[in-house]
Amino acid sequence: TRVEFLDYEAVVDYGWSLDDDELFRKASHADLGPDAHGRLLVHPDESLLEAAERSGFAWPFSCRGGACANCAVYLAEGELSQPTDHIMPEDLAERGFRLSCNGYPLTDELSVVFNVKQRPELDDLIL
Ligand code: FES
């Protein structure tokens, strides 16, 4: 699975919105560093977080087991699995929030914003 990623810090810095359809196009035209915006590949049987780490990126995480929300990402395109044993509330999941530590790609392409743990709606989930 090919993943285009974007750091939520850049979204904040530039005053962009997560639900902006043009978000990734804007990111492509901004002068972002390779850690903030780019692409990576997820191998079969790899979680999104594992793939990011193998690719040399330091995305946030803590428990690695679906029990906090430090590893949360926002899914702009594609689908990432959600195991039954996790803390992400249904309403946030419906809005596109997922956990990268135990999320496995279900589509060939994904666009994700990582580092969304600083979003206020995730505050209560961070341990
Ligand atoms: Fe805690 Fe992913 S690191 S849920």
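In short, a report on the structure. (Residues numbered from 1 in each chain as written. Predicted model: local features only at pLDDT ≥ 70, side-chain atom pairs only at ≥ 80, totals over all residues. Heavy atoms only, no water.)

## With respect to the pattern of salt bridges
Logical step 1: Enumeration over the complete set of coordinates arrives at nine salt bridges.
Logical step 2: Across the pair E121 and R119 runs a salt bridge whose closest N-O atoms are separated by 3.0 Å.
Logical step 3: Accessibility expressed as a relative area gives 23% for E121, which makes it partly exposed.
Logical step 4: In the salt-bridge network here, residues are joined through shared partners; they are R95, R119 and E121. (Salt bridge = Lys/Arg side-chain N within 4 Å of Asp/Glu carboxyl O. Buried < 20%, exposed > 50% of the residue type's maximum accessible area, 1.4 Å probe, protein only.)

## Let's talk about the packing of aromatic side chains
Logical step 1: Tallying each qualifying case throughout the model produces six aromatic pairs.
Logical step 2: Measuring from centroid to centroid gives 4.4 Å for W59 and F114, while their planes differ by 5°, and the two rings are stacked. Of the two residues, W59 is situated in the loop between helix 3 (48-54) and strand 3 (72-77) and F114 in strand 5 (residues 109-114); the sequence distance between them amounts to 55 residues. Both residues of the pair, W59 and F114, count as buried.
Logical step 3: For the ring pair Y74 and F97, a centre distance of 5.6 Å and an interplane angle of 65° mean the geometry is edge-to-face. Pair noted here: Y74 is in strand 3 and F97 is in strand 4 (residues 97-99), with a separation of 23 residues, a long-range link.
Logical step 4: When its relative accessible area of 12% is taken as the criterion, Y74 is described as buried.
Logical step 5: With a relative accessible area of 1%, F97 lands in the buried category.
Logical step 6: Positioned above the aromatic ring of F61, the side-chain terminus of R64 is 4.6 Å from the ring centre. (Phe/Tyr/Trp six-rings, centres within 6.5 Å; stacked < 30°, edge-to-face > 60°. Helix = DSSP H or I, 4+ residues; strand = E, 2+ residues; numbered from the N terminus. Lys NZ or Arg CZ within 6 Å of the ring centre and 35° of its normal.)

## Structural notes on the nonpolar core
Logical step 1: One finds L6, L40, W59, M88, V112, V113 and V116 to be the most contacted residues of the largest nonpolar core, which totals 42 residues.
Logical step 2: Those elements that provide at least two residues to this core are strand 1 (2-7), helix 1 (8-13), helix 2 (23-29), helix 3, strand 3, helix 4 (90-94), strand 4 and strand 5.
Logical step 3: Dropping the residues within four chain positions of it, W59 is found in contact with F5, L40, L48, L49, A52, V73, V112 and F114. (Core = buried A, V, L, I, M, F, W, Y, C linked by side-chain atoms within 4.5 Å. Contact = heavy atoms within 4.5 Å.)

On their own, these measurements won't tell you what the molecule is for.
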